[in-house]
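Listed below, chain by chain, are the residues.
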Amino acid sequence: MAARQAFPRVDRSPRRALAALSLALLPGLAMALGPEDAKGRWLSADGGAVIEFKPCDDKPTALCGRIVWDKDAGKANDTCGIQIAQLDRYENEAWRDGWVYDPRDRKKYKGALRVKSGDLYIRAYIGTEILGQTEQMKRVADLPATPVCKS
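Residues numbered from 1 in each chain as written. Predicted model: local features only at pLDDT ≥ 70, side-chain atom pairs only at ≥ 80, totals over all residues. Heavy atoms only, no water.

1. Some remarks on the state of the cysteines
- All chains considered together, the criterion is met by two disulfides.
- In this model C56 forms its disulfide with C64; the gap between the sulfur atoms is 1.9 Å. Note on the C56 and C64 pair: the S-S dihedral is about 100°, so by sign convention the disulfide is right-handed. Assigned by exposure class, C56 and C64 land together as buried.
- Each bonded cysteine of the chain is numbered by sequence order, and under that numbering the disulfide pairs are 1-2, 3-4. (Disulfide = S-S within 2.5 Å. Buried < 20%, exposed > 50% of the residue type's maximum accessible area, 1.4 Å probe, protein only.)

Have a look at this one:
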């Protein structure tokens, strides 16, 4: 009677190993995000505004963000139409090299923007990116019906 192998035979051919590695990496590649993922409408963390990110009118390779809906539309503190970001370059899974404007304190900061797990993270900072604050936004398909920002 022949001795039974305790473990199945492993095929060590380079082609099979490469094929297995490729299949294992496919889900990660499908999940890789790019510069297009930030484009669209995003609801601010406090739910008070919707910002639309799209190519800048005067610089189509850059990404600009503009408030397209504000819960205070038509009131004295209305921020409709204000541009809150211009980020010039996409690198290392983030939009960078530009500015972020906070209409609450009326100041411009350096900025970075990333999309992770379906949410948008916009970071405003002074000096280096590590010294800043991040706001998380959720994607929205449609603007709330009221109030309406006037064009």
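So, next bit.
2. Brief notes about the environment of G34
- With respect to the helices and strands, the residue G34 is situated in the loop between helix 1 (14-31) and strand 1 (40-43).
- Along the backbone, G34 and Y90 are 56 residues apart, and their C-alpha atoms lie at a distance of 8.4 Å. (Helix = DSSP H or I, 4+ residues; strand = E, 2+ residues; numbered from the N terminus.)

3. Topic: the pairing of strand 8 (residues 132-139)
- Of the pairings in the sheet, the one linking strand 1 to strand 8 comprises two bridges and is antiparallel in character. Bridged to W42 within strand 8 is R139.
- Relative to strand 8, strand 7 (residues 119-125) is paired through seven bridges, and the arrangement is antiparallel. In the strand pairing of strand 8, L120 is matched with M137.
- The turn linking strand 7 back onto strand 8 is made up of six residues, and G127 within it adopts a positive phi angle of 85°. (Pairing = 2+ DSSP bridges.)

4. So, the side chain of R123
- Here R123 lies in strand 7.
- Summary of buried charges: R123 has no salt-bridge partner, and the nearest side chain of opposite charge, E129, is 4.9 Å away.
- Polar contacts involving the side chain of R123 include one to the main-chain carbonyl oxygen of E129, which spans 2.7 Å.
- Sequence-distant contacts of R123, defined by excluding residues within four places in its chain, comprise V100, K110, G111, A112, E129, I130, L131, G132, Q133 and T134. (Lys, Arg positive; Asp, Glu negative; His and termini not counted. Salt bridge = Lys/Arg side-chain N within 4 Å of Asp/Glu carboxyl O. Polar contact = N/O pair within 3.5 Å; in protein donor to acceptor, adjacent residues only side chain to side chain. Contact = heavy atoms within 4.5 Å.)

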